[in-house]
Amino acid sequence: RGRLLPRLLGVQAEAVRPLVDRHRGESPSGDVAAATTRAHSIAVRRPRNALRLLGELDASEGRMVAAPDDAIAEAQRLLAEEAGIVAEFTSAATLAGLIRLRDEMPLDGRTAVLVVTGGRLDEEG
């Protein structure tokens, strides 16, 4: 019988990645309080539902990855050019995370579903 749950992939910005570190059993990397990222809506230094999220990742045999802002910007460009999707900067982190995961493990023959939202076109993203 096949898997009942899809494997979840959580993505955080490289600069602010407390859940990535915690999921990997590592100490927080760098000075999280002073770190900055253009991915404002995922720059959560103290996530309120961390235990729930980590539990869902474990239940789905999922992973957490971190993506630098330049990789998120590249993913935003790819979504626009290849799929015609105008994605809010932070939302493009889903594709950046999938690309990062592909660099870590083979994904051939697998299906991925990305949640991508439209958004603002200003520099603040």
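Every value quoted in this text rests on a predicted model; they were computed, and no experiment measured them.

A. The overall build of the protein chain, seen in detail. On a plain count of helices and strands, the protein chain comes out with four helices and two strands. Secondary structure elements of the protein chain, listed N to C terminal, follow the sequence β-α-α-β-α-α. By the burial criterion, 33% of the 125 residues in the protein chain qualify as buried. Contacts in the protein chain between residues at least 24 apart in sequence constitute 72% of all its contacts with a sequence separation of at least 6.

B. Summary view of the nonpolar core. Within the largest apolar cluster, 15 residues are counted, with the highest numbers of intra-cluster contacts made by A39 and I72. Secondary structure elements with two or more residues in this core: β1 (9-13), β2 (63-67), α3 (69-83) and α4 (93-104). If we skip the residues at most four places from it in the chain, A39 touches A13, D69, I72, F89 and T90. L19, V20, L54 and A66 belong to the second largest nonpolar core, which has seven residues in total.

C. Structural context of the pattern of salt bridges. One pass over the full model with this rule turns up nine salt bridges. Of the charged contacts in the structure, one is a salt bridge between R7 and E61, with a shortest N-O distance of 3.1 Å. One end of the pair, R7, is in the segment before β1; the other, E61, is in the loop between α2 (50-59) and β2, and 54 residues separate them in sequence. Overall, E61 belongs to the partly exposed group, its relative accessible area being 48%. D103 is paired through a salt bridge with R102; the nearest N and O atoms lie 3.8 Å apart. D103 sits in the exposed class, given a relative accessible area of 57%. Each of E14, R17, D21 and R100 takes part in salt bridges that share partners, so that together they form one network.

D. Fine view of the packing of α3 against α4. At a minimum axis distance of 8 Å, the contact between α3 and α4 shows a crossing angle of 110°. For the element pair α3 / α4, the angle class is roughly perpendicular. When α3 is examined against α4, the residues A71, I72, A75, L78 and L79 are found in contact with a partner set consisting of A93, L95, A96 and I99. A breakdown of the residues in the contact of α3 with α4 according to their chemical character gives nine nonpolar, no polar and no charged.

E. Up close: the layout of surface pockets. Its boundaries defined by the atoms lining it, the largest pocket holds a volume of some 940 Å³. Together, 31 residues line the largest pocket, and R7, L8, L9, G10 and V113 are the ones closest to its centre. Its residues assigned to classes, the lining of the largest pocket shows 19 nonpolar, seven polar and five charged.

F. Structural context of the pairing of β1. Counting buried residues along β1, four of its five residues qualify, which places the element largely inside the surrounding structure. Across five bridges, the pairing between β1 and β2 is parallel. Bridge assignment links G10 to a residue of β2, and that residue is M64.

Thresholds, definitions, all that
Every chain begins its residue count from 1, and numbering advances along the sequence as written. Note on the predicted model: pLDDT of at least 70 is required for a residue's local features to be given, and 80 or more for side-chain atom pairs to be given and counted; whole-chain, interface and lining totals, by contrast, use all residues. To get the side-chain values, all heavy atoms of the structure are used, and hydrogens and water are removed first. Secondary structure elements follow DSSP: runs of H or I no shorter than four residues count as helices, runs of E no shorter than two count as strands, and numbering proceeds from the N terminus. Throughout this description, buried means an accessible area under 20% of the type-specific maximum (1.4 Å probe, protein chains only), exposed means over 50%, and partly exposed covers the range between. Whether two residues are in contact is decided by their heavy atoms: any pair within 4.5 Å suffices. To qualify as a nonpolar core, a set must consist of buried Ala, Val, Leu, Ile, Met, Phe, Trp, Tyr and Cys residues joined through side-chain atoms within 4.5 Å. Basic side-chain nitrogens of Lys or Arg form a salt bridge, by our definition, when they fall within 4 Å of a carboxyl oxygen of Asp or Glu. The axes are straight lines fitted to the C-alpha atoms, using for helices just the contacting stretch, and the angles between their N-to-C directions are given from 0 to 180°. Note on angle classes: values under 35 degrees are labelled roughly parallel, values over 145 roughly antiparallel, values of 65 to 115 roughly perpendicular, and the remainder oblique. Note on residue classes: Ala, Val, Leu, Ile, Met, Phe, Trp, Tyr, Cys and Pro are nonpolar, Asp, Glu, Lys and Arg are charged, and everything else, Gly too, is polar. Grid spacing is 1 Å over the protein atoms alone, the probe is 1.4 Å, and a cavity is where that probe fits but cannot get out, while a pocket is an open set with protein on both sides within 12 Å along at least five of seven lines and lining residues have an atom within 4 Å of a point. Grid points are joined across faces, edges and corners, and a volume is the space filled by probe spheres set on the points. DSSP-based pairing: two strands are paired if at least 2 bridges between them are found.

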